[in-house]
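Spelled out, the chains give:
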Amino acid sequence: MSSENSACAEMVERTRRAYIQAYGKTPELIVTAPGRVNLIGEHTDYNDGFVLPAAIDRQVVMAAGRRDDGQVGLRALDFDDAVEFHVANQRRSTVSKWSNYQRAVIWALQEAGYEVPGFNAVFTSDVPIGSGLSSSAAIELATCQTLQKLADIDLDGVTRALLCQKAENEFVGMRCGIMDQYIISLGQAQHALLIDCRDLSYQAVPLPQGVKVVICDTKKRRGLVDSAYNTRRAECEAGAAAMGVKALRDISPEQFTEYELKLDTTVRKRCRHVITENQRVLDAVAAMRVGDLTTLGRLLNESHASLRDDYEVSCTELDIMTEIAWRQPGVLGARMTGAGFGGCTVNLVEDEHAEAFLSQVSSAYQLATGLQPDIYICTAVEGAHQVV
Ligand code: GLA
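Since the structure is predicted, the reported quantities are computational estimates derived from the model, not experimental observations.

Caption draft 1: Here's a closer look at the pairing of strand β9 (residues 211–217). The element β9 is extensively covered by neighbouring structure, given that six of its seven residues are classed as buried. Looking at chain direction, β9 and strand β11 (residues 344–350) are connected through seven bridges and run antiparallel. Within β11, the position partnered with Val213 by the bridge is Leu348. The sheet contact formed by β9 and strand β12 (residues 374–378) spans five bridges and is antiparallel. The residue of β12 that forms the bridge with Asp217 is Asp374.

Have a look at this one:
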């Protein structure tokens, strides 16, 4: 096994044992797929814009092996549940909803013309569900990697990401952009990726030295996110159409000042967020490249304000968590991360202040909300891959 973190190593052992117990033989392979944190560039991906996520050391681990009767056996260790179904004619399950991500990927591979064999898989995850760290995309990528290896299907990292996005869009029914699947497929250790969501190219950007990336989970779980997300997407599309461009990516902040009065208030606010956020991503990367952490932090803070006021996808808990973080010594910047309406914030904290940050923010947040947060330092890891 390569240089996995200790939680991952424990999960690998646990899935291996569970596989042997369930199926009476050792798995043919074990894969891991990480969650992700987005440093900046929120709700820009489906506007052909820029994002800057990193894959993190929270992951799905899946142990698997072929079977020759065309059946699929799936075991979710975390839900203590198992299902079995035939590999042909995938349909969404209303009973074991967790299995819809695996079913979706099987469906998308078949749609792309690949023959998917029967298989058994046991999996576990420590990416918290509904926290904005892409637990579902991690399952999709783990499933895709597993099936590629089992069936010898050759897909490059971008094609794999697109296939899993299609699975989520068309089978699960969530109109997500490409960011999550892309970073989970192609993430690099110690780097964030600047992804151009129009041409799907990327540049690896080293994470800054002397700074910890801290995730603060508000423990407020997202609700109604799918419908609000799809509404935001539609508002962006309406804005682009009204301004006569293919996507909001095509409007610069300067051009927007000419156009904005033509838009109705809500669409104007949504567009202003996306257009200014795209610029902030590019400015953030430029700041990282020259080690200007003050500017980087300021851009994160501005991103939060824009998501809160213009895009209106923050919530009380995310705002409280961010405001507490902004007051702590050694904090360069803090913002909500992911789709919003609950979940996590991302914080850049100077090394020597990180430990104090964890305890101070934890107690202040608990006092303010009555919720016990989960706050931890994360590291950037490589994307989905086989470990055994
Ligand atoms: C979710 C979606 C992504 C992206 C973010 C918001 O994570 O899956 O495609 O749109 O929300 O930036």
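Read on for the rest.
Caption draft 2: Region of the structure containing the pattern of salt bridges. In the structure shown here, the tally under the stated rule is 23 salt bridges. Put simply, Lys212 and Asp351 hold a salt bridge, and the shortest N to O gap is 3.0 Å. With Lys212 in strand β9 and Asp351 in the loop between β11 and α11 (354–369), this residue pair connects regions lying 139 residues apart in the sequence. Overall, Lys212 belongs to the partly exposed group, its relative accessible area being 27%. The network of salt bridges with common partners includes Asp48, Arg198, Lys246 and Asp250.

Caption draft 3: Expanded view of the site of the ligand. Surveying the vicinity of the ligand reveals the residues Arg36, Glu42, His43, Asp45, Tyr46, Cys176, Gly177, Met179, Asp180, Tyr229 and Ala339. A distance of 2.5 Å separates an oxygen atom of the ligand from a polar atom in the side chain of Asp45. Here Tyr229 contributes a side-chain N or O atom positioned 2.6 Å from an oxygen atom of the ligand. Protein chains bury 95% of the 310 Å² of accessible surface belonging to the ligand in isolation. Classifying every residue of the shell around the ligand gives five nonpolar, two polar and four charged.

Caption draft 4: Local environment of helix α3 (residues 135–151). Between its first and last C-alpha, α3 extends 24 Å over 17 residues, near the 24 Å set by a 1.5 Å rise per residue. When you tally the buried positions in α3, you get 14 out of 17 residues, the bulk of the element. Once α3 ends, the next one or two residues include Asp152, with phi positive near 55 degrees.

Caption draft 5: The arrangement of the nonpolar core in detail. Core analysis: the largest hydrophobic core is formed by 52 residues, its most contacted members being Val72, Leu74, Ile106, Leu109, Phe119, Tyr182 and Ile184. Of all the elements, α3 adds the most residues to this core, at eight residues. Discounting chain neighbours no more than four positions away, the residues touching Phe119 are Gly65, Arg66, Arg67, Gln71, Val72, Gly73, Leu74, Ile106, Leu147 and Leu150. Grouped together as the second largest cluster of nonpolar side chains are 32 residues, Val281, Leu300, Leu332 and Cys378 included.

Caption draft 6: Representation of the packing of α3 against helix α5 (residues 179–186) within the structure. Running from N to C, α3 and α5 cross one another at 50 degrees; their axes reach a closest spacing of 9 Å. Classified by the angle their axes make, α3 and α5 are oblique. Between α3 and α5 lies a crossing whose hand is right-handed. Contacts between α3 and α5 involve Ala137, Ala138, Glu140 and Leu141 from the first element and Asp180, Gln181, Ile184 and Ser185 from the second.

Rules used in this analysis
- Residues numbered from 1 in each chain as written.
- Predicted model: local features only at pLDDT ≥ 70, side-chain atom pairs only at ≥ 80, totals over all residues.
- Heavy atoms only, no water.
- Buried < 20%, exposed > 50% of the residue type's maximum accessible area, 1.4 Å probe, protein only.
- Helix = DSSP H or I, 4+ residues; strand = E, 2+ residues; numbered from the N terminus.
- Pairing = 2+ DSSP bridges.
- Salt bridge = Lys/Arg side-chain N within 4 Å of Asp/Glu carboxyl O.
- Near = heavy atom within 4 Å.
- Polar contact = N/O pair within 3.5 Å; in protein donor to acceptor, adjacent residues only side chain to side chain.
- Areas by Shrake-Rupley, 256 points an atom, 1.4 Å probe, with all protein chains shown as cover.
- Nonpolar A, V, L, I, M, F, W, Y, C, P; charged D, E, K, R; others polar.
- Expected span 1.5 Å × (residues − 1).
- Core = buried A, V, L, I, M, F, W, Y, C linked by side-chain atoms within 4.5 Å.
- Contact = heavy atoms within 4.5 Å.
- Axes fitted to C-alpha atoms, helices over the stretch in contact; angles between N-to-C directions.
- Parallel < 35°, antiparallel > 145°, perpendicular 65-115°, else oblique.
- Left-handed = near helix turned anticlockwise from the far one by under 90°.

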